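# What the coordinates show
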Amino acid sequence: MADIDLRAFGGLERDVKHLSERIDNLEKAIERLETRIASLTALLDQARGARWLLGALVSAASFAAGVAATAKGLLR
C-alpha cells in the first residue's frame, strides 16, 4: 500500500474551501449586477418615454405655432 501524505489532503481541503468562497462571492456579485441591470433598464425605459413625450410636446407646439401664424395671416 502506498504511503499517503495527509498534509496534501489538508492543502486540498483548504483550496476547495477557498474556491467555494470565491464562487459564493462571484454569485453575489452576479446578483448585484443583475439588480443594477434591471435598474438601468427601467431608467432607460423612462428615458424612452420622456423622449416620446418631449417629441409629442414639440409637435403640438409646432402645430400651435402654425395655427397661430395662419390665424395672424388671415386677420391682416
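Everything here concerns the structure above.
Remember, it's a predicted structure, so these values are computed and weren't measured experimentally.

Another aspect to go through is the overall build of the chain. Counting its regular elements, the chain contains one helix and zero strands. Burial analysis of the chain (76 residues in total) assigns 1% to the buried set. Summing over all exposed atoms, the chain offers an accessible surface of approximately 7,300 Å²; the carbon and sulfur share of this is 66%.

This part takes up a nonpolar patch on the surface. Taken together, the side chains of Trp-52, Leu-53 and Leu-57 present a nonpolar region at the surface, about 390 Å² in accessible area. Relative to the helices and strands, Leu-53 resides in helix H1 (residues 6-75).

On the surface, a cluster of negative charge is contributed by Glu-21, Asp-24, Glu-27, Glu-31 and Glu-34. With respect to the helices, strands and loops of the structure, Glu-21 is situated in helix H1.

Calculation criteria
Residues numbered from 1 in each chain as written. Predicted model: local features only at pLDDT ≥ 70, side-chain atom pairs only at ≥ 80, totals over all residues. Heavy atoms only, no water. Helix = DSSP H or I, 4+ residues; strand = E, 2+ residues; numbered from the N terminus. Buried < 20%, exposed > 50% of the residue type's maximum accessible area, 1.4 Å probe, protein only. Areas by Shrake-Rupley, 256 points an atom, 1.4 Å probe, with all protein chains shown as cover. Patch = residues over 30% accessible without salt bridge, like charges linked within 9 Å, V, L, I, M, F, W, Y side chains within 5 Å. Salt bridge = Lys/Arg side-chain N within 4 Å of Asp/Glu carboxyl O. Lys, Arg positive; Asp, Glu negative; His and termini not counted. Charge placed at Lys NZ, Arg CZ, Asp CG, Glu CD.

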